[in-house]
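Each chain is listed here by its residues.
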Amino acid sequence: MNDSKFTVTGTGDSLFLQEFPAEYYPALRAVAAFIGQCDLKMTNLETNFSDFEYFAGAYSGGTWLNTRRSCLSDLQKYGFNCYGTANNHCFDYSFAGLTSTIDTLESAGLAHCGTGRSFDEAAAPAVIEVNGVRSAVFAVDASFENASRAGKPTARLKARPGVNYLRHDTVYKVSEVQMASLREIAESTRINYNRKKLIDTGFLTPDPEGFFFLGNLKYTTCNDVPSTSCHAGDKERLIGAVKAAKAQYDHVFIMIHCHDNDDVREENPPEYLKEFCHAAIDAGVSAIFGGGCHRLRPVEIYHHAPIFYSLGDFIYQGLRIEHLPADFMEKYGIDINSSAEAALYARSRGDKVGLHCNKLNYQTVLPKLEFSNGKMTGFSLLPLELNFDRKDKMNGLPQIATGKEAQEICDLLNSLSEPYGVKLVLADDGLLKPADL
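The paragraphs below set out a description of the structure included in this document. The model shown is predicted, which means the values in this text are computed figures rather than measured ones.

The next subject is the pairing of strand E1 (residues 6-15). A large share of E1 lies buried, amounting to 10 of its 10 residues. Across three bridges, E1 lies against strand E19 (residues 363-372) in antiparallel orientation. Paired with Val8 across the strands is Leu369, a residue of E19. For E1 and strand E2 (residues 40-45), the ladder comprises five bridges, and the chain directions are parallel. Residue pairing in the sheet places Asp13 in a bridge with Asn44 of E2.

Quick look at the sheet that holds strand E10 (residues 172-173) now. The three strands are arranged E10-E12-E11 in an open sheet whose pairing can be described as mixed. Every other strand in the sheet has two partners, leaving E10 and strand E11 (212-214) as the edge strands with one partner each. Two strands pair when backbone bridges link them, and E11 and strand E12 (residues 217-220) are joined in this way by three bridges, in the antiparallel orientation. Among the inter-strand pairings, Phe213 is bridged to a residue of E12, identified as Lys218.

Taken in spatial order, the six strands make up an open sheet running E6-E7-E14-E15-E17-E16, and their pairing is mixed. In the strand order of this sheet, the two ends are held by strand E6 (126-130) and strand E16 (299-302), each with one partner. Across the sheet, the axes of successive neighbouring strands diverge by a mean angle of 20°, strand direction being ignored. Sheet topology places strand E14 (residues 251-257) next to strand E15 (residues 287-291); five bridges connect them, and they run parallel. Note on E15: the bridge partner recorded for Phe253 is Ala287. Sitting on the sheet, helix H7 (residues 232-246) touches strand E7 (133-141) and E14, and the angle it makes with E7 is about 170°.

One pass over the structure, following the stated rule, counts 20 aromatic pairs. Considering the side-chain rings of Trp64 and Phe328, the 6.5 Å spacing of their centres and the 80° angle between planes classify their relative orientation as edge-to-face. Taken as a pair, Trp64 in the loop between E2 and helix H2 (72-75) and Phe328 in helix H9 (residues 326-331) lie far apart in primary sequence, 264 residues in all. As far as the burial class goes, Trp64 and Phe328 line up, both buried. For Phe328, a relative accessible area of 2% gives the class buried. An aromatic cluster is built from Phe16, Phe20, Tyr24, Tyr78, Phe80, Tyr83 and Phe314, whose rings are joined through pairwise contacts. The ring of Tyr165 carries the charged tip of Arg149 above its face, separated from the ring centre by 4.9 Å.

With that settled, consider the pattern of salt bridges. Oppositely charged side chains can pair when the atoms bearing their charge come close. Considering all chains together, one arrives at 19 salt bridges under this definition. A salt bridge links Arg69 to Asp51, with the shortest nitrogen-to-oxygen separation between them at 3.2 Å. Remark: Asp51 occurs in the loop between E2 and H2 and Arg69 occurs in the loop between E2 and H2; sequence separation between them is 18 residues. Owing to a relative accessible area of 35%, Asp51 belongs among the partly exposed residues under this scheme. One salt-bridge network, in which partners are shared between bridges, spans Asp103, Glu106, Arg117 and Glu121.

This next bit is on empty space enclosed by the protein. Per the counting criterion, the structure on display carries three cavities of 30 Å³ or more. If you add up the space inside the largest cavity, you get close to 80 Å³. If you trace the largest cavity, you find 13 residues lining it, with Asn44, Met255, Ile256, His257 and Phe289 closest to the centre. Looking at the lining of the largest cavity, the elements with two or more residues in it are E1, E14 and E15.

Procedures and definitions
- Residues numbered from 1 in each chain as written.
- Predicted model: local features only at pLDDT ≥ 70, side-chain atom pairs only at ≥ 80, totals over all residues.
- Heavy atoms only, no water.
- Buried < 20%, exposed > 50% of the residue type's maximum accessible area, 1.4 Å probe, protein only.
- Helix = DSSP H or I, 4+ residues; strand = E, 2+ residues; numbered from the N terminus.
- Pairing = 2+ DSSP bridges.
- Axes fitted to C-alpha atoms, helices over the stretch in contact; angles between N-to-C directions.
- Contact = heavy atoms within 4.5 Å.
- Phe/Tyr/Trp six-rings, centres within 6.5 Å; stacked < 30°, edge-to-face > 60°.
- Lys NZ or Arg CZ within 6 Å of the ring centre and 35° of its normal.
- Salt bridge = Lys/Arg side-chain N within 4 Å of Asp/Glu carboxyl O.
- 1 Å grid on protein atoms, 1.4 Å probe; cavity = no way out; pocket = protein on both sides within 12 Å on 5 of 7 lines; lining within 4 Å.
- Points joined across faces, edges and corners; volume = space filled by probe spheres on them.

Such coordinate-based values are descriptive only and should not be taken to indicate function.
Here it is in structure tokens:
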């Protein structure tokens, strides 16, 4: 283990779509100065890079995201040296968009992880060496369409480009009375007819003992099973990769993209995410940086390693999408040649609903983790706000939060993290720091 001091930061989602206005540059420089204090600087790149020469995919991560290649130079001004690409938007422009994004990052000499031209590329970590300290960074997508999964080659078939993924299983717990009602519904509606046919012909495996399916939803009367759990094979593969990297590098870090929650509150991580994060740290991971749900989630210190279940949005330019496909227009009942601005207005029901209407999606923190001899020795968070009140080109761009805004972010994180034993204070230097670390 290299005994050099080492500092790390990682962000939530960089939903970065257009170049920055000149007005933003003073704030950008202040944020970049904090990032620049760190050796390893990671962000989740939640877009694709192309100049719209490729067709949009038949599905998207919710909205088709693409950024012109020339804009990458603006994002680079923050100083990131590792880009995670494992998220639900990596296939918005299908295979060509995914590989174009990889090509653009590589042409700029930027380290990346999470997607690849093959399964092996997608699953491989980025390796970053700074001041003699070598780190392996994995990016994992837990919220993806099945068609975006990277695939392994065989002796006769090529590997499939795609994303590094973590699947999970969901089961709904019901009473005996409720189970009887579900079986009655299945019988009267014949919803399971085709499911039984697929099982009988070998296209589906038989249903496991103790569980009942209503369509594709899985139910049980057992109370001792988790509501969600990691896919055993995916977990074994990913944890095995962590152990192999830990044997070779000084540090291992994970960026994980997860939209799921516990079905109680958006800010609450699902059971399977906690299961995976704990297993990853047990295997040697130094810190985990989550994103995906567009807002902050709890901070947990597990075996002296931090888990940021979600850092929300680092950049949210969701109002600045340049083009959208006909599929989007048809979904909201407008002309397929409408502008993206008109389409987003239709989806938001006249700017009444949507991510851009909730301030919680515009608050985040930038961690600064300090390591020595492989152990975390310092931990602070820079509060950021993303110009929620601005609906111009400044909307969604991060700047340092101060005063009442910084205290609001501190209070929010405390309310979320208290069940995990983490208490933060807003220090005189404007940073959030654990009260007991």
